[in-house]
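Architecture at a glance
One-letter residues, chain by chain:
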2 protein chains.
Amino acid sequence: MVTKAGARTVLFSEPPSISTWANAVSKKESEGPIGKKFDIIELDPTFGQKSWEKAESAMISATLMKLLEKAEIKAEDVDCVFAGDLINQCTSSTYALRDYKIPMFGVYSACATMAETIALASLTVDSKVAKRAVAITSSHFCTAERQFRFPLEYGGVRPLESQWTATASGAVLIEKTKTAPFIRGFSIGVIEDKGVKDAGNMGAAMAPAAASVIKAFFEDTKKSPSEFDLIITGDLGYIGSQLLLSLMKMEGIDIEKEHSDCGLMLYDRKRQEVSSGGSGCGCSAAVLTSVLLPSVQKGRLKNILFVATGALLSPMSVQQKESVPGTAHLIWLSTEPNDNN
Amino acid sequence: MVTKAGARTVLFSEPPSISTWANAVSKKESEGPIGKKFDIIELDPTFGQKSWEKAESAMISATLMKLLEKAEIKAEDVDCVFAGDLINQCTSSTYALRDYKIPMFGVYSACATMAETIALASLTVDSKVAKRAVAITSSHFCTAERQFRFPLEYGGVRPLESQWTATASGAVLIEKTKTAPFIRGFSIGVIEDKGVKDAGNMGAAMAPAAASVIKAFFEDTKKSPSEFDLIITGDLGYIGSQLLLSLMKMEGIDIEKEHSDCGLMLYDRKRQEVSSGGSGCGCSAAVLTSVLLPSVQKGRLKNILFVATGALLSPMSVQQKESVPGTAHLIWLSTEPNDNN
């Protein structure tokens, strides 16, 4: 049952759980600070395919198969899947999922996709539309570079404020169980556009949307940052994270102690040349499914806010000199199903 | 409350209603057989904008404003909106909605988007996540042509099996009321890909997915085609419709008497040079919100199955010689909230 907690926040009275999770990454991600924690590490970024897009599809497919294997279920045991990615017309996830015959809802929230898919999938489980629902997303450095920036062969110089699109995919299985991590609720993103026109500085474009959804969550629930062990944004990177902390302080909410960012956890900025940090739907999906969910499961982190952030630009909107709108969806994950414990 | 009726079908025990609807079209649509039934007819396909993509955004925005005006509410009275379109990274809907500050879920199902948005929006209302939810989509002939086929200036010859992307947008407001049309339930699409590689023949690519979801609905609900006044597909056009009827007959289900197609209703194929018929997210959205919903409201059609169909290709998948996967989501609309009447 849903207990609506305010304008943008939904809380579950009997929260569904994330029962299983899986991920796949490539070489660079495996060399980062959390590189040993992934399920599948494919050193060949082509994943044995003839194009980067087919490689991304193969990575999604491998992630889904790993998820099903860990959960000891088959594709037909999944009632619905929510999926999306960064590539035009969600090519990567569509072509990955066409072989599985799972009822599918396609979503698009750019790099905020992992949170949108979890929010909607948890709603289908809570409302008994699905006994088991999967949320899955991905990104690939090489598909994103040639779609949003330059073909790799061009060798374009990356500005310091840019971010490195992760070659990574993450998936979660949501169902009603009595075990953590519980999905206590979510807050829905609102598009924020402060006029940032530099498509190379997506952290700045997304920070206002992250600030907006975090503020909405605290207003709606009357909770405070200190009640959470971690408030982790999807992929604001270094510059976006600094902006977020400033924006939150301007709103009178200090999250400096609790805040971290998936884009700063996936790579070592000093050693790995990723400029402002990691990005891509797969960045937050991979950090969630390798570090965050196990920590909540084991009680090392009791309550976290997972805030995936997305820059809703397209190559065409950039060519037409449009600014970059941002969005961010928030998921509250907890060791406990309610506040009574 | 959701009564799960089977593998892919969801039924509501107390169905939400579509309380209000609105649409906008351009010149060619206004000259078709249902041309007098639209809310907004903008003869200038640029909608006063400098690019086709901005034109499509302006059309979506006009549709949403008309919807709010007809419902006598403001944007802040809407709890969430589900939106998507055909253009890369859903540019048209994102840029249209950024000014409204409505909590937004982005979706992508190609031309099946109207049904996906209605399914998910109805679920948010049924589960009390939203008191009022909006589902909105669009397509524009000129944005689609240059993205998926050729720039208009090239003057490419259109094959006879091709379809004409509608310049149209449609939106519905979903809430709990005691009046028709009621959303009795929905069936979720499964991706079907029979290997059709001709991106100019989308009707053929989508027909198997439509057949799959219609069959699933009848299996799940134990109902038969004769219990429905109309089974209307999104935009299979002439060729896709013929294929659908054949596929259904092979499954032992005859829907010839009940079947129609939005792509065959929007334009006059003999007079308007649209080859196999209309297509685009906006095609089924415009037919739904101009003809179908008023007919259900007034009881002229008591029970209809609205089956929006989508070809999940991208310009890149076509370049890489991939086949075209299809999907289709089904919505059951009814004059009555249950079978007891």
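A brief look at the structure comes next.

Let us look at the overall build of chain A. Looking only at helices and strands, chain A has 11 helices and 15 strands in total. A compact globule built from 341 residues would reach a C-alpha radius of gyration of about 20 Å, and chain A, at 18 Å, matches this within 12%. For chain A, the proportion of its 341 residues judged to be buried stands at 68%. Nonlocal contacts in chain A, meaning residues at least 24 apart in sequence, comprise 77% of its contacts between residues at least 6 apart. In chain A, the 36 positive side-chain charges and the 39 negative ones have mean positions that sit 2 Å from each other.

This model, assessed by the stated rule, comprises 18 aromatic pairs over all chains. Relative to W332 of chain A, the ring of F217 of chain A lies with its centre 5.9 Å away and its plane at 80°, an arrangement referred to as edge-to-face. Here F217 of chain A is found in helix α6 (residues 202-221), whereas its partner W332 of chain A is found in strand β15 (residues 326-334), with 115 residues between them in sequence. For F217 of chain A, a relative accessible area of 0% translates into the label buried. Under the relative-accessibility criterion, W332 of chain A is labelled buried at 3%. Judged by centre distance (5.6 Å) and plane angle (70°), the rings of F217 of chain B and F218 of chain B are edge-to-face. This pair shows no difference in class: F217 of chain B is buried, exactly as F218 of chain B is. Cluster of aromatic residues (ring-pair linked, three or more members): F217, F218, F228 and W332 of chain A. In this structure, K28 of chain A is placed above the aromatic ring of W164 of chain A, and the distance from its NZ or CZ to the ring centre is 3.9 Å.

Residues and elements named next belong to chain A. The N-to-C vectors of helix α4 (residues 113-126) and helix α10 (residues 281-297) enclose an angle of 60°; their axes lie 8 Å apart at closest approach. The orientation of α4 relative to α10 falls into the category oblique. Contact residues: α4 offers T113, M114 and I118, while α10 offers C281, S284, A285 and L288. Each residue belonging to the contact of α4 with α10 can be placed in one class, and the counts come to five nonpolar, two polar and no charged.

Our focus in this paragraph is the interface of chain B and chain A. Of the residues lining the interface, 59 residues belong to chain B; the matching set on chain A comes to 59 residues. Of the roughly 4,900 Å² buried between chain B and chain A, counting both surfaces, carbon and sulfur atoms make up 61%. Along the contact surface separating chain B from chain A lie 10 salt bridges. Between E322 of chain A and K54 of chain B there is a salt bridge, and its shortest N-O distance comes to 3.0 Å. Scanning the region where chain B abuts chain A turns up 34 residue pairs in polar contact (both at pLDDT 80 or more). Of all the secondary-structure elements, those providing two or more residues to the side of chain B that touches chain A are β1 (2-4), α2 (52-71), β5 (80-85), α3 (91-97), β6 (104-106), α4 (113-126), α5 (141-148) and α11 (315-319) of chain B. A per-element tally of the side of chain B that touches chain A places α4 of chain B first, with five residues. Of the residues belonging to the side of chain B that touches chain A, the class tally is 30 nonpolar, 16 polar and 13 charged.

Applying the stated criterion to the full structure yields 42 salt bridges over all chains. Linking R149 of chain A and E145 of chain A is a salt bridge whose minimum nitrogen-to-oxygen distance equals 2.9 Å. With a closest N to O distance of 3.1 Å, D39 of chain B and K70 of chain B form a salt bridge. In this pair, D39 of chain B sits in the loop between α1 (27-30) and β4 (40-42) while K70 of chain B sits in helix α2, placing the two residues 31 residues apart along the sequence. Here the residues in one salt-bridge network are K54 and R98 of chain A together with D193 and E322 of chain B, joined through shared partners.

A few words now on the packing of helix α2 (residues 52-71) of chain A against helix α5 (residues 141-148) of chain A. How two helices pack is summed up by the angle between their axes together with the distance between the axes. All names here are of chain A. Here α2 crosses α5 at 140°, and the two axes come no closer than 8 Å. The orientation of α2 relative to α5 falls into the category oblique. In the crossing of α2 with α5, the sense of the turn from one axis to the other is left-handed. Here W52, E53 and E56 of α2 lie close against α5, whose contacting residues are C142, T143 and R146. Residue composition of the contact of α2 with α5, by class: two nonpolar, one polar and three charged.

Looking now at the relation of the copies chain B and chain A. Each copy superposes on the other: chain B lies on chain A with an RMSD of 0.0 Å after a rotation of 180° and an axial shift of 0.0 Å. Look at the turn and shift together and you get a two-fold axis relating the two. For chain B, the smallest separation between a C-alpha atom and the rotation axis is recorded for V107 of chain B, amounting to 1.9 Å. Here 100% of the interface residues in chain B have copies in chain A that are interface residues too; the copies meet face to matching face.

Residues and elements named next belong to chain B. Turning to its location among the elements, T63 is positioned in helix α2. Given the relative accessible area of 0%, T63 is considered buried. At a separation of 2.8 Å, a polar atom in the side chain of T63 contacts the main-chain carbonyl oxygen of M59. Sequence-distant contacts of T63, defined by excluding residues within four places in its chain, comprise A22, N23, A24, I40, I136, S169, G170 and A171.

What counts as what
- For every chain, the first residue of the written sequence is number 1, and numbering continues from 1 along that sequence.
- Chains carry letters from A onward and ligands carry numbers from 1 onward, assigned in written order.
- Where totals are concerned, whole chains, interfaces and linings use all residues; where local detail is concerned, this predicted model gives features only for residues with pLDDT of at least 70, and gives and counts side-chain atom pairs only at 80 or more.
- The basis for the side-chain values is all heavy atoms of the structure; hydrogens and waters are excluded.
- Only DSSP runs of H or I reaching four residues or more are called helices, and only runs of E reaching two or more are called strands; each is numbered from the N terminus.
- With C-alpha atoms as the basis for the radius of gyration, the globule rule is written as 2.2 Å multiplied by the number of residues raised to the power 0.38.
- Burial here depends on accessible area, computed with a 1.4 Å probe over protein chains only, as a share of the maximum for the residue type. Under 20% is buried, over 50% is exposed, and the range in between is partly exposed.
- By the convention used here, residues are in contact when the closest approach between their heavy atoms is within 4.5 Å.
- Lys and Arg are tallied as positive, Asp and Glu as negative. Neither His nor the chain termini are counted.
- Think of each charge as sitting on NZ of Lys, CZ of Arg, CG of Asp or CD of Glu.
- For Phe, Tyr and Trp, rings pair up if their centres lie within 6.5 Å, where Trp contributes its six-membered ring, and each pair is then called stacked (planes under 30 degrees apart), edge-to-face (over 60) or tilted (otherwise).
- Geometrically, a charge over a ring is one whose NZ (Lys) or CZ (Arg) sits within 6 Å of the ring centre while staying within 35 degrees of the ring normal.
- The axes used here are C-alpha line fits, helices contributing only the stretch in contact, and every angle between their N-to-C directions lies in the interval 0 to 180 degrees.
- Orientation is classified from the angle alone, with under 35 degrees giving roughly parallel, over 145 giving roughly antiparallel, 65 to 115 giving roughly perpendicular, and any other angle giving oblique.
- Residues are grouped as follows: Ala, Val, Leu, Ile, Met, Phe, Trp, Tyr, Cys and Pro are nonpolar; Asp, Glu, Lys and Arg are charged; all remaining types, including Gly, are polar.
- Accessible surface is computed with a 1.4 Å probe, and the buried area is the amount of it that two parts give up when combined, taken over both parts together.
- In the sections that follow, a salt bridge refers to a side-chain nitrogen of Lys or Arg positioned within 4 Å of a carboxyl oxygen of Asp or Glu.
- What qualifies as a polar contact is a pair of N or O atoms within 3.5 Å, subject to a donor-acceptor requirement within protein and to the restriction that residues adjacent in sequence count only when both atoms come from side chains.
- Crossing handedness is defined as follows: a turn of the near helix away from the far one that is anticlockwise and smaller than a right angle gives a left-handed crossing, while the clockwise case is right-handed.
- When the copies are superposed, the least-squares fit takes in the C-alpha atoms of residues with a pLDDT of at least 70 in both.

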